[in-house]
Amino acid sequence: RPHPPPPAPTPRPNPLAAIPYPLDRPPRPPAAPPAGVRVHHVSPLTAPAPDIERHLRSPLARVARAAEAMDQPFRAPRVAVRTGDTSQRERRLQLKHPGEILVTTPESLYLLLGSKASETLRSVDTVIVDEIHALAGTKRGAHLALSLERLSARVTGKDPLRIGLSATARPLEEIARFLGGDRPVSIVDTSVRPNLDLTLS
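Residues numbered from 1 in each chain as written. Predicted model: local features only at pLDDT ≥ 70, side-chain atom pairs only at ≥ 80, totals over all residues. Heavy atoms only, no water.

### Considerations on the overall build of the protein
Using the following cut-off: The way it works is that DSSP assigns letters per residue, a run of H or I at least four long becomes a helix, a run of E at least two long becomes a strand, and they are numbered from the N terminus. Here the term buried applies to any residue with accessible area under 20% of the maximum for its type, exposed to any over 50%, and partly exposed to those in between, with areas from a 1.4 Å probe on protein chains only. By definition in these notes, contact holds between two residues if any of their heavy atoms fall within 4.5 Å. Exposure was quantified through the Shrake-Rupley algorithm and a 1.4 Å probe, taking into account, for residues, occlusion by the shown protein chains and nothing else.
For the protein, the helix and strand inventory stands at six helices and five strands. Looking at the protein residue by residue over its 201 residues, the buried ones come to 37%. Considering only contacts in the protein between residues 6 or more positions apart, those separated by 24 or more positions represent 69%. Here the protein has roughly 12,800 Å² of accessible surface; of this, 57% comes from carbon and sulfur atoms.

Here it is in structure tokens:
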């Protein structure tokens, strides 16, 4: 008798999937100092935040090597993490030299908006909410929705683009409304039904 196949692992979105989009723009001159946070990545849990930072460094280093080989100017954006575990020394450094990509939890974003560091968020043009299904419809999600509106009011210029990531978000329309509020939202569904061809004998 054939053994049943092992259960499929729970799908997880690639937390880096949305990063190339906001970074695919003409780079600043290599010597130019960071103007502030450009991409704000919100992770619902503290533990994955440093992983996102580490996983970003490798592709950015490869881009830098490719640019050097083509004799093109490139300055890799600095990646910073701000959670409850971030040391005071690192927080002071982020205030003076903010990373262009900032990874936080929803709670850390709330605290940032009420501190001096909120000045570094005026330049945010993209907000990525990872594992958005874990926040929508919860008290933490309502708290984050308020913080996102406060961030939009804080930003100088155009309302930041919001990108939500999830491999299990359902129903998509409700998740989209949670992310965008009264703004128009585009849903990109790349899920594929399992293509099973099973014969029992």
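### A word on the pairing of strand β2 (residues 79–82)
Put simply, the test is: When DSSP locates at least two bridges between a pair of strands, those strands are taken to pair.
Neither face of β2 is left uncovered, since the one carrying Val79 and Val81 and the one carrying Ala80 and Arg82 both have all their residues buried. In terms of strand pairing, β2 meets strand β3 (residues 101–104) through four bridges, oriented parallel. If you follow Ala80 over to β3, its bridge partner there is Leu102.

### Remarks on the layout of surface pockets
Quick note on the threshold: For each structure, a 1 Å grid was placed over the protein atoms alone; sets of points admitting a 1.4 Å probe that cannot get out are labelled cavities, open sets with protein on both sides within 12 Å along at least five of seven lines are labelled pockets, and lining residues have an atom within 4 Å of a point. Grid points are joined across faces, edges and corners, and a volume is the space filled by probe spheres set on the points. When residue character is reported, Ala, Val, Leu, Ile, Met, Phe, Trp, Tyr, Cys and Pro are called nonpolar, Asp, Glu, Lys and Arg charged, and the others, Gly included, polar.
As a volume, the largest pocket reaches approximately 1,100 Å³. Taken together, 37 residues line the largest pocket, and the ones lying closest to its centre are Arg162, Ile163, Gly164, Leu179 and Ser186. Sorting the residues of the lining of the largest pocket by element identifies β5 (161–164) and α6 (172–180) as the ones contributing at least two each. Considering every element that reaches the lining of the largest pocket, the biggest residue donor is α6, with five residues. Of the residues belonging to the lining of the largest pocket, the class tally is 19 nonpolar, ten polar and eight charged.

### Regarding empty space enclosed by the protein
For the coordinates displayed, the defined rule picks out one cavity of 30 Å³ or more. If you add up the space inside the largest cavity, you get close to 70 Å³. Taken together, Val37, Arg82, Arg91, Gln94, Leu95, Pro98, Gly99, Leu102, Leu112, Ala117 and Thr120 make up the lining of the largest cavity. Top contributing element to the lining of the largest cavity by residue count: helix α3 (residues 88–96), with three residues.

### Here's the deal with the environment of Phe178
Along the chain, the position of Phe178 falls in helix α6. As for Phe178 and Ile132, which are separated by 46 residues in sequence, their C-alpha atoms are 9.2 Å apart.

### Describing the environment of Thr46
Mapped onto the elements of the fold, Thr46 is located in the loop between β1 (39–42) and α2 (48–69). Given a relative accessible area of 35%, Thr46 falls into the partly exposed group. The contact partners of Thr46, leaving out residues within four places of it in the chain, are Thr83, Asp85 and Thr105.

### Quick notes on the packing of helix α4 (residues 106–113) against helix α5 (residues 139–154)
Note the following rule: Here an axis means a line fitted to C-alpha atoms, over the contact stretch when the element is a helix, while the angle between two N-to-C directions is reported on a 0 to 180 degree scale. Left-handed is the label given to a crossing in which the near helix is rotated counterclockwise from the far helix by less than a right angle, and right-handed is the label when the rotation is clockwise.
Between α4 and α5, the least distance of the axes is 9 Å, while the angle of their chain directions is 35 degrees. Crossing geometry of α4 relative to α5 is assigned as left-handed. Along its contact with α4, which presents Pro106, Glu107, Leu109, Tyr110 and Leu113, the element α5 presents Arg140, His143, Leu144, Ser147, Leu148, Arg150 and Leu151. Across the contact of α4 with α5, the residue classes tally to seven nonpolar, two polar and three charged.

### Some remarks on the confidence of the model for the protein
For residues with low pLDDT, the predicted coordinates do not support detailed interpretation. Heads up, the condition is: Per-residue confidence from the prediction method is given by pLDDT, with values spanning 0 to 100.
Across the protein, pLDDT averages 80, with 81% of residues at or above 70. Here residues 6–13 is a poorly scored stretch, pLDDT under 50, and it has nine contacts once near neighbours within four places are set aside; other chains count. Per-residue pLDDT stays below 50 along residues 26–31; that stretch engages in nine contacts with residues further than four places along the chain or on separate chains.

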